[in-house]
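# A structural walkthrough
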Amino acid sequence: MTNQFAPYIGFSGNAKEALEFYQQILGGEIDVTTFADGGVLPAGEPLADKYMHAEFRSDYAVIFATDQLTEVGAPPLNPGDNISLALMLDDVELGRKLFEALGEGGKIDMPYETQSWGGTFGAIIDRFGIPWMVHATDGAAHQ
């Protein structure tokens, strides 16, 4: 993975439809991890095929997305408040440093820790009220 920055958008169960819409307009590719793929829900459950994490990439844009479902522990979706800034890094210690710096004077929503899906992840709201997600792996986990 190359270090990158992208908006991370939460959708109310229609991330697939939204990303396919963007793809029709902008071209590009969509890479998806469902809640079943990520081990959050067993295959066959009603919401297992929803998007736990998706990456849309075209010549014009990179967008990360999720189906922000309260059924799997996500906060309720409030349109307008459903966009975070995501840092995807290939160095866990750099991620920790940036997470701590961005969080200074802010609020930690999720500590920067190793996650079940791989890599290290944390979520904060900085002192200006901007939500950030920091995900890092030591290596090329995301491309």
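Let us look at the structure shown here. It should be emphasised that the depicted structure is a prediction, and the values quoted were computed from it without experimental measurement. In every chain, residue numbers begin from 1 and rise along the written sequence. Owing to the predicted nature of the model, reporting of local features is limited to residues with pLDDT of at least 70; listing and counting of side-chain atom pairs is limited to 80 or more, with chain, interface and lining totals taken over all residues. Side-chain measures here rest on the full set of heavy atoms in the structure, leaving out hydrogens and waters.

## With respect to the packing of aromatic side chains
- Pairing of aromatic rings covers Phe, Tyr and Trp, the last counted by its six-membered ring, and requires centre-to-centre distances within 6.5 Å; plane angles under 30 degrees mean stacked, over 60 mean edge-to-face, and any other angle means tilted. According to the stated counting rule, one finds four aromatic pairs in the structure shown.
- With a centroid separation of 6.0 Å and an interplanar angle of 55 degrees, the aromatic rings of Y8 and F64 are classed as tilted. In this pair, Y8 sits in strand β1 (residues 4-11) while F64 sits in strand β4 (residues 62-67), placing the two residues 56 residues apart along the sequence. Pair check on accessibility: Y8 and F64 agree, each one buried. Helix and strand definitions follow DSSP, with helices as H or I runs of at least four residues and strands as E runs of at least two, each counted in order from the N terminus. The classification of residues rests on relative accessible area computed with a 1.4 Å probe and restricted to protein chains. Under 20% of the type maximum is buried, over 50% is exposed, and intermediate values are partly exposed.

## A look at the pattern of salt bridges
- Each salt bridge in this description consists of a side-chain nitrogen of Lys or Arg and a carboxyl oxygen of Asp or Glu lying within 4 Å of one another. In total, this model carries four salt bridges according to the counting rule given.
- The closest approach of N and O atoms between R96 and E93, which form a salt bridge, is 3.6 Å. Separated by three residues within a single helix, R96 and E93 lie in helix α2 (residues 92-103), roughly one turn from each other.
- K107 is the partner of D109 in a salt bridge, and the nearest nitrogen-oxygen pair spans 2.7 Å.
- Since its relative accessible area comes to 43%, D109 is described here as partly exposed.

## Examining the sheet that holds strand β3 (residues 51-57)
- Pairing is mixed in the open sheet, where eight strands are placed in the order β2-β3-β4-β1-β5-β8-β7-β6. The strands lining the two open edges of the sheet, one partner per strand, are β2 (29-34) and β6 (107-114). Shown here is a sheet whose adjacent strand axes are inclined to one another by a mean of 20 degrees, direction ignored.
- By the convention used here, strands pair only if DSSP detects at least 2 bridges between them. With six bridges joining them, β2 and β3 adopt antiparallel strand pairing. In the sheet register, T33 faces β3, and the bridge partner there is H53.
- Contacts are assigned to residue pairs with any non-hydrogen atoms lying within 4.5 Å of each other. Helix axes are fitted to C-alpha atoms over the stretch in contact, other axes to C-alpha atoms as well, and angles between N-to-C directions run from 0 to 180 degrees. The sheet contacts of helix α1 (residues 15-26) involve β1, β2, β3 and β4, and relative to β3 the element is tilted by about 5 degrees.
- Of the strands in this sheet, β5 (83-89), β6, β7 (120-125) and β8 (131-136) touch α2, which is tilted by about 170 degrees from β6.

## Focus on the nonpolar core
- Formed by I9, F11, A15, A18, L19, Y51, A54, F56, A61, I63 and A65, the largest nonpolar core amounts to 11 residues.
- Those elements that provide at least two residues to this core are β1, α1, β3 and β4.
- In contact with F56, other than residues within four places in its own chain, are L19, Y22, Q23, L26, G27, G28, E29, I30, A61, V62 and I63.
- The next biggest cluster of nonpolar side chains, apart from the first, holds nine residues, and it includes L87, L89, Y112 and W132. Definition used in this section: a nonpolar core is a set of buried Ala, Val, Leu, Ile, Met, Phe, Trp, Tyr and Cys residues joined via side-chain atoms within 4.5 Å.

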